[in-house]
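Residue-level listing of the chains:
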Amino acid sequence: MRNVILFLFVLLSLTGCRRQPATAEAEVFRDIVRLPTTPVKVQGHGETCWIYAMLATLETDRLSLGDSVNLSADYLCRQYLSEQALSYYLSKGHRPISMRGMMPMALRLLSQYGAEPFDTYHAPASQNYHALCRKVEQSARMSKSFRQLQQQTGDLLDSELGFLPRFVFMAGVEYTPQQFGRSVYRDGDYVALTSFTHHDFQEDVILELPDNHEQCRFRNVPIDELMEQVDQALLSGHAVCWEGDISNRAFSFQKGTARLTLDPDSDVQQLRQQSFERLGTTDDHCMTLVGIAEDAQGERFYLAKNSWGTDNPYGGFVYLSADYLRLYTIAVAGCLAG
């Protein structure tokens, strides 16, 4: 039985939003737009891509403005775990702790708790958030009061992720995490878009997805409009946070590409809806779109910054074909018109 459990754990670690092994020979692309980025990070074991991708979007936007920031995903992960510890305690274990989420949730955490620089606060590269979730649950089960819960959870997270700095020091200026967070993001700066016909277009809708724990709303627009918004953002120097399906044969981190070509006469909006309703398109992963490119045949691609390290032909980046985005996008977020 132990061997079966070990096999299932290894199998799960290679799917979904977790890193896949690499590498392959690089295909040649011509970058039309390539925005500046901070170094590619490694999210490790755990479904934290929505935090990494949203922060990477902010980082590129700040770099485009001449303001260099490299943000800590582990800081927001810690705050999210602390929230869930209280929820687990009050629900008597009926709300299991998980690191799964969606892009707007990262913005909510950023607005509420602020931010820390990556160099100031980051966990060891080997940190396993799956295991940490179970440890936080165990700590919450053992707690007999709010005070004890806060103390035990804080001690555990200090041990696993590191002690939280009280202040942020940037360019000789002292900030609280909340002040630093407001310096890189303000509520309302970003818009989240989706495109599905079971909701009315031009309405703010709640996507019925397992990871939408906080009932986040997305502006529902036709897929052609969504793609136009992505193009406009990238061409004006803004990154776009992308959330979508990667559990299909077209996506390969090893090759660094996700190539799909649809029939030019196909109704993409209908194809998207059919795939979504039949559970063929699932909410697997988040990355940051930072560029537009062409392959050797002139086909349009989008350059995505991933969070699985640099072990692929493009140093951790992935080229996604335009049709891939049109079919498999769940949602996008960024400086979009909305």
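So, how was this worked out
Residues numbered from 1 in each chain as written. Predicted model: local features only at pLDDT ≥ 70, side-chain atom pairs only at ≥ 80, totals over all residues. Heavy atoms only, no water. pLDDT = per-residue confidence, 0-100. Contact = heavy atoms within 4.5 Å. Axes fitted to C-alpha atoms, helices over the stretch in contact; angles between N-to-C directions. Helix = DSSP H or I, 4+ residues; strand = E, 2+ residues; numbered from the N terminus. Parallel < 35°, antiparallel > 145°, perpendicular 65-115°, else oblique. Left-handed = near helix turned anticlockwise from the far one by under 90°. Phe/Tyr/Trp six-rings, centres within 6.5 Å; stacked < 30°, edge-to-face > 60°. Buried < 20%, exposed > 50% of the residue type's maximum accessible area, 1.4 Å probe, protein only. Expected span 1.5 Å × (residues − 1). Polar contact = N/O pair within 3.5 Å; in protein donor to acceptor, adjacent residues only side chain to side chain.

A. Structural detail: the confidence of the model for the protein. Averaged over all residues, the pLDDT of the protein equals 92, while 93% of them reach at least 70. A low-confidence stretch, residues 1-15 stays under pLDDT 50, and its non-local contacts, those more than four residues away or across chains, total seven contacts.

B. Representation of the packing of helix 5 (residues 129-142) against helix 6 (residues 146-161). Contact geometry for helix 5 and helix 6: axes closest at 9 Å, N-to-C directions at 155 degrees. Between helix 5 and helix 6, the angle falls in the class roughly antiparallel. By crossing handedness, the relation of helix 5 to helix 6 is classed as right-handed. Across the interface between the two elements, Tyr 129, Leu 132, Lys 135, Val 136, Ser 139, Ala 140 and Met 142 from helix 5 touch Gln 148, Leu 149, Gln 152, Thr 153, Leu 156, Leu 157, Glu 160 and Leu 161 from helix 6.

C. Structural view of the packing of aromatic side chains. Applying the stated criterion to the full structure yields 12 aromatic pairs. Each ring, one from Phe 29 and one from Tyr 314, has its centre 6.0 Å from the other, and the planes form 75 degrees; the classification is edge-to-face. Here the residue Phe 29 occupies a position in strand 1 (residues 29-34), and Tyr 314 occupies one in the loop between strand 11 (300-305) and strand 12 (317-321), the gap between them amounting to 285 residues. One exposure class covers both Phe 29 and Tyr 314, and it is buried. Pairing Tyr 175 with Phe 180 gives two aromatic rings, centres 6.2 Å apart and planes at 50 degrees, and the pair type is tilted. Residue class for Tyr 175 comes out partly exposed when judged on its relative accessible area of 24%.

D. Structural detail: helix 3 (residues 73-90). Over its 18 residues, helix 3 runs 26 Å from end to end, which matches the ideal 26 Å to within 8%, given 1.5 Å per residue. Those residues of helix 3 not exposed but buried are Ala 73, Asp 74, Tyr 75, Leu 76, Cys 77, Arg 78, Gln 79, Tyr 80, Leu 81, Gln 84, Ala 85 and Tyr 88. At the N-terminal boundary of helix 3, the capping side chain belongs to Ser 72, with an oxygen 3.4 Å from the backbone nitrogen of Asp 74. Looking one or two places after helix 3, you find Lys 92, whose phi comes out positive at around 55 degrees.

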